[in-house]
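Residue strings, one per chain:
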Amino acid sequence: MADYTSFNLEQYVRGLDGHLPEFPFSFAEWEEKATTLMSTSLLHYVAGGSGDQHTQTNNVEAFHHWGMTPRMLAAATERDLSIELFGMKLPTPLFMAPIGVTGIIDRDNDGERACARAAAATGVPFCASTLTQVPMEKIPGSLGETPGFFQLYTPSDKQLAESFISRAEAAGFKALVVTLDTWMPGYRPRDLVRSNFPQLRGWCLANYFSDQRFLDILGQDPDKDVRATARAFASVFGKSLGWEDLGWLRGTTKLPIVLKGICHPDDAKRAIDAGIDGIYVSNHGGRQANGGRAAIDMLPEVAEVCGDTPVLFDSGVRSGVDVVKALALGATAVGIGRPYSYGLAIGGAAGVEHVLRCLLAEAEIQMAIDGRADIASLRGDIQRI
Ligand SMILES: Cc1cc2nc3c(=O)[nH]c(=O)nc-3n(C[C@H](O)[C@H](O)[C@H](O)COP(=O)(O)O)c2cc1C
Ligand SMILES: CCCCC(=O)C(=O)O
């Protein structure tokens, strides 16, 4: 059983000895440090959200309206953070949510593989985006005992979609995460006005340019050199999947399928009825619809209708305490986006690993002090304050 508290204590003692730790220990400091290291356009892209960023802010602040009550004389001297997800035993409930420009957030331009290495070192799965800088076959899908997930932006060309899915399966990814909430990009002033987002685009389309079906589609375009990027984007953005497509999707793979971006219990129920294996509650970190409810506030009502179907969650998780709260509110596994992106910007694979270990240490310490030995004992053990 992993014990993340020893990581924390070791860093603490090193700090007291005067050996200052290489990396900071809180989200605010990760963000601050990453800000000094990323280009302006990249920073706006990663840090930004849609519209006035109200939903993005709300996602984070809403965690403070939920609270747990510590129990005493019941010290949890040993904790078990492990979970079971789609028949896989994972040492912790944390995972890295898909980030579309992971490659270039890393100073060495190798972000996806850096994250896969951090995943292998910690047992925390990395979910690779469709929009990666290297083809999915090079990431790799799973490292050692740590499974990886593949996130699909579903191309409207079904053959291209099926090609992506079978490539992901062959590359060893263990679950297919289909994102629903970004069938068109959100209204993101920081990208549209101040940033130069289009320049980032060409960096994250390796899965397309390594796909014969995409090259065939492109080959029919007389302006292919000029329009390659636009065509790749047009193939995934602008047309949404509908309920009628779930039967087709289910038939494309034996991998567990997770739908990302579900916020309403009725959508969750209907997806489960259609044979979907996992529900992923998320509002895309406040980058898509703006003016909506905080993701954490929507989690309990969705989790309630999911029964035995696993519930993945992300949006606004900034600390180990937030991880514990999401678990208490019904998540089976908890994802982070910007926190590990900043770790990647600060220190590549080591920076990502550090961020993951900090979150896990804080989560485990919180459980220990609160008197909760495992994740099952957290369920429902939280009040709105
Ligand atoms: C820079 C950036 C790129 C993202 N790219 C993708 C993507 O390619 N696919 C996807 O499903 N979600 C993407 N997301 C959303 C994340 O998977 C996740 O839902 C979100 O970051 C969680 O919120 P948090 O950043 O507050 O932790 C992206 C998020 C960020 C910050
Ligand atoms: C246009 C969307 C690109 C990737 C993504 O999902 C994000 O930036 O949030």
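Just so we're clear, the structure is a prediction, and the values are computed from it rather than from any experiment. (Residues numbered from 1 in each chain as written. Chains lettered and ligands numbered in written order. Predicted model: local features only at pLDDT ≥ 70, side-chain atom pairs only at ≥ 80, totals over all residues. Heavy atoms only, no water.)

Colleague: Help me understand the overall build of the protein, please; the structure alone is not making it clear to me.
Modeller: For the protein, the count of helices and strands is 17 helices and twelve strands. Taken over the C-alpha trace, the protein has a radius of gyration of 20 Å; the compact-globule value for 385 residues is 21 Å, and the two agree within 12%. The burial tally for the protein puts 58% of its 385 residues in the buried class. Counting only contacts in the protein whose residues sit at least 6 apart along the sequence, the fraction spanning at least 24 positions is 75%. Looking at charge distribution, the protein has the averaged site of its 35 positive side-chain charges lying 4 Å from that of its 46 negative ones. (Helix = DSSP H or I, 4+ residues; strand = E, 2+ residues; numbered from the N terminus. Rg over C-alpha atoms; globule rule 2.2 N^0.38 Å. Buried < 20%, exposed > 50% of the residue type's maximum accessible area, 1.4 Å probe, protein only. Contact = heavy atoms within 4.5 Å. Lys, Arg positive; Asp, Glu negative; His and termini not counted. Charge placed at Lys NZ, Arg CZ, Asp CG, Glu CD.)

Colleague: Mind showing me how you'd approach the site of ligand 2 here?
Modeller: As a matter of local geometry, ligand 2 sits amid Tyr 45, Leu 131, Tyr 153, Pro 185, Arg 188, Phe 237, His 284 and Arg 287. Residue Tyr 45 places a side-chain N or O atom 2.5 Å away from an oxygen atom belonging to ligand 2. For ligand 2, an oxygen atom lies 2.7 Å from a polar atom in the side chain of Arg 188. For ligand 2, whose accessible area on its own is 290 Å², the fraction buried by protein is 94%. A breakdown of the residues in the shell around ligand 2 according to their chemical character gives five nonpolar, one polar and two charged. (Near = heavy atom within 4 Å. Polar contact = N/O pair within 3.5 Å; in protein donor to acceptor, adjacent residues only side chain to side chain. Areas by Shrake-Rupley, 256 points an atom, 1.4 Å probe, with all protein chains shown as cover. Nonpolar A, V, L, I, M, F, W, Y, C, P; charged D, E, K, R; others polar.)

Colleague: Help me understand the nonpolar core, please; the structure alone is not making it clear to me.
Modeller: A general feature of soluble globular proteins is that nonpolar side chains tend to end up buried together. One finds Met 38, Met 96, Ile 105, Leu 259, Ile 296, Leu 299 and Phe 313 to be the most contacted residues of the largest nonpolar core, which totals 121 residues. Looking at this core, the element that brings in the most residues is helix 17 (residues 338–370), giving 15 residues. (Core = buried A, V, L, I, M, F, W, Y, C linked by side-chain atoms within 4.5 Å.)

Colleague: How do you make sense of the site of ligand 1 when you look at a structure like this?
Modeller: In the neighbourhood of ligand 1, 23 residues make up the surrounding shell, with Pro 98, Gly 100, Ser 129, Thr 179 and Asp 314 lying closest. In the model, a nitrogen atom of ligand 1 is placed 2.8 Å from a nitrogen or oxygen of the Gly 100 main chain. The separation between a nitrogen atom of ligand 1 and a polar side-chain atom of Lys 260 is 3.0 Å. Isolated, ligand 1 exposes 600 Å² of accessible area, and the fraction of that covered by the protein chains is 99%. For the shell around ligand 1, the secondary structure elements donating two or more residues are helix 3 (40–47) and helix 17. When grouped by side-chain class, the residues that make up the shell around ligand 1 number eight nonpolar, ten polar and five charged.

Colleague: Even after reading the chapter, I still don't get the pattern of salt bridges, so can you show me in this structure?
Modeller: A side chain with one charge may pair with a side chain of the opposite charge, provided their charged atoms come close. One pass over the structure, following the stated rule, counts 13 salt bridges. The residue Arg 79 makes a salt bridge to Asp 3 at a minimum N-O spacing of 3.8 Å. Pair noted here: Arg 79 is in the loop between strand 1 (66–67) and strand 2 (83–85) and Asp 3 is in the segment before helix 1 (4–16), with a separation of 76 residues, a long-range link. One salt bridge in this structure joins Glu 137 and Arg 167, with 2.7 Å as the shortest N-O distance. Separated by 30 residues along the polypeptide, Glu 137 in the loop between strand 5 (127–128) and strand 6 (149–152) and Arg 167 in helix 7 (residues 158–170) bring together distant segments of the chain. When its relative accessible area of 41% is taken as the criterion, Glu 137 is described as partly exposed. On the accessibility criterion, Arg 167 (12% relative accessible area) is buried. One continuous salt-bridge network, built from bridges that share partners, spans Asp 3, Arg 79 and Glu 364. (Salt bridge = Lys/Arg side-chain N within 4 Å of Asp/Glu carboxyl O.)

Colleague: Teacher, can you tell me more about the environment of Val 101 here?
Modeller: Here Val 101 is to be found in the loop between strand 4 (94–96) and helix 5 (102–105). Along the chain, Val 101 and Glu 29 lie 72 residues apart, while their C-alpha atoms are 22 Å from each other. Once residues within four sequence positions are removed from consideration, Val 101 is found in contact with Leu 42, Tyr 45, Val 46 and Leu 131.

Colleague: Would you take a moment to explain the packing of helix 6 (residues 111–122) against helix 17 for this structure?
Modeller: If you want to describe how two helices pack, look at the angle between their axes and the distance between the axes. Relative orientation of the contacting elements helix 6 and helix 17 amounts to 10 degrees, with a least axis distance of 8 Å. Considering the angle they form, helix 6 stands roughly parallel to helix 17. Contacts between helix 6 and helix 17 involve Gly 111, Ala 114, Cys 115, Arg 117, Ala 118, Ala 121 and Thr 122 from the first element and Tyr 340, Leu 344, Gly 348, Ala 349, Val 352, Glu 353, Leu 356 and Arg 357 from the second. Grouping the amino acids of the contact of helix 6 with helix 17 by side-chain chemistry returns nine nonpolar, three polar and three charged. (Axes fitted to C-alpha atoms, helices over the stretch in contact; angles between N-to-C directions. Parallel < 35°, antiparallel > 145°, perpendicular 65-115°, else oblique.)

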